[in-house]
Amino acid sequence: MGRLGIEFPRKAVHLGVGAFALLLRWLTPWQAALCALAALLFNLLLLHRLTRRSLLRDAERARGFSWGIALYPAAVLVVILVFHRRLELAAAVWGLLAFGDGMATLGGLLVGGPRLPWNKEKSWAGLVAFVLWGTVASAFLIRWTQQAVFDAATSEATFPDWVGGSFLEGGGSFFVGSGLFLVLGCLAAATAAAFAESLDAGIDDNILVPLAGGATLWAAALVEPSRLAAGAATLGPQFAWGALVNGALALAALAARGVGRSGAIWGWVLGTALFGLAGWRGFLMLLVFFVLGTATTKCGYAKKAALGIAQDRGGRRGARNAFANVSAGLIFAFLAVSTGHPALLTVAVAAAFATAT
């Protein structure tokens, strides 16, 4: 039996179980948790007997058990417990796990095509399928679950205070909100989860996807577009200054052979964004990190090269280094100006660059 013949029924079950996320519109958090617990026990005790082990991959048949099939309902249970006061987010993370992850596997097998440069076992087709299906499923499930509030209002039923107003500016109407705001938040979560799923990290996708997708979705739900609009007068000049300062520094670093061409280009892009969002103080943290990091790389380079432990390309940093070292601080800087927690998230910016340094 080919790989598609093994994976198709397995992913059909994976996708089909995702449809149960629709029930979160009517279930209380503890009812939902009990259902997830029942699914976990079913997968552990009965599923493989009923299916005669047809859902097991070749590597799993020897032990007669699949950790992934057990971890799926376990992950859903944990997500429900974590978001027990925000079931719309629990439904969305379930959507990422069921439809994003499920369609990534099928898309990769059916379409094939170029492989990912950081993991040859995964394809661009699978990554794109994850992002598209994950975005649509999570956005739909958020609004679907939020309709529980409208249902309660029209039927005079108990108000479901375990459903929040995610991606509704100002916590307004549950059936009139910013569709663009919702889609962008779910797109960010699906992209983060898809990237996590594509890594060769040795960690099961049923752990990585909810962790990356859930954290991103929670952070995105904190964003208030009105704060960005209110700060536009300040942010505009900061971005302009950031472009000028980073342009000069990128050219100087390129001339000094501290960065490669891709590092200079993406360093300019990311540095400009950081200056625009966090001002000169936030950018100063990045500058100190770069100076210290470059000096440490160059110090004793000849000796390190002789020992075979020197950094590649003469220690010049590329786009990968820029993203790895700046992304976390940049994300926290964006959240600092777009949410109601600027002080806490500014500390997170400093912590991100301290860690990188």
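Draft legend 1. The arrangement of a nonpolar patch on the surface in detail. Taken together, the side chains of Leu34, Leu37, Leu41, Phe42, Leu44, Leu45, Leu46 and Leu50 present a nonpolar region at the surface, about 750 Å² in accessible area. By residue number, the principal contributor to the nonpolar patch is helix α2 (residues 29-45), which donates six residues.

Draft legend 2. Expanded view of the side chain of serine 166. Tracing the backbone shows serine 166 in the loop between α7 (124-155) and α8 (179-198). For serine 166, a relative accessible area of 0% gives the class buried. Polar side-chain contacts of serine 166 include one of 2.5 Å to the side chain of glutamate 88. Every residue in contact with serine 166, bar those within four places of it in the chain, is listed here: Arg86, Glu88, Leu89, Ile142, Arg143, Gln146 and Ala221.

Draft legend 3. Highlighting the nonpolar core. Counting 52 residues, the largest nonpolar core has Val76, Ile80, Ala90, Trp94, Ile142, Phe167 and Leu217 as the members making the most contacts within it. Going through the elements one at a time, α2, α5 (67-82), α6 (87-111), α7, α8, α9 (205-222) and α14 (319-338) are the ones with two or more residues in this core. By residue number, the principal contributor to this core is α6, which donates eleven residues. When near neighbours in sequence (up to four residues on either side) are disregarded, isoleucine 80 contacts Pro29, Ala32, Ala33, Ala36, Leu87 and Ala90. By size, the runner-up hydrophobic cluster in this structure holds 14 residues, among which are Leu270, Phe283, Ala322 and Ala333.

Draft legend 4. Seen up close, the confidence of the model for the protein. Residue-level pLDDT values for the protein average 86, and 88% of them are 70 or greater. Here residues 171-177 is a poorly scored stretch, pLDDT under 50, and it has 13 contacts once near neighbours within four places are set aside; other chains count.

Draft legend 5. Main features of α7. In a regular helix each residue adds 1.5 Å, so 32 residues correspond to 46 Å; α7 covers 47 Å between its end C-alpha atoms and thus fits that length. Positive phi shows up at glutamate 156, right after α7, with a value of about 55°.

Cut-offs and rules
Residues numbered from 1 in each chain as written. Predicted model: local features only at pLDDT ≥ 70, side-chain atom pairs only at ≥ 80, totals over all residues. Heavy atoms only, no water. Patch = residues over 30% accessible without salt bridge, like charges linked within 9 Å, V, L, I, M, F, W, Y side chains within 5 Å. Areas by Shrake-Rupley, 256 points an atom, 1.4 Å probe, with all protein chains shown as cover. Salt bridge = Lys/Arg side-chain N within 4 Å of Asp/Glu carboxyl O. Helix = DSSP H or I, 4+ residues; strand = E, 2+ residues; numbered from the N terminus. Buried < 20%, exposed > 50% of the residue type's maximum accessible area, 1.4 Å probe, protein only. Polar contact = N/O pair within 3.5 Å; in protein donor to acceptor, adjacent residues only side chain to side chain. Contact = heavy atoms within 4.5 Å. Core = buried A, V, L, I, M, F, W, Y, C linked by side-chain atoms within 4.5 Å. pLDDT = per-residue confidence, 0-100. Expected span 1.5 Å × (residues − 1).

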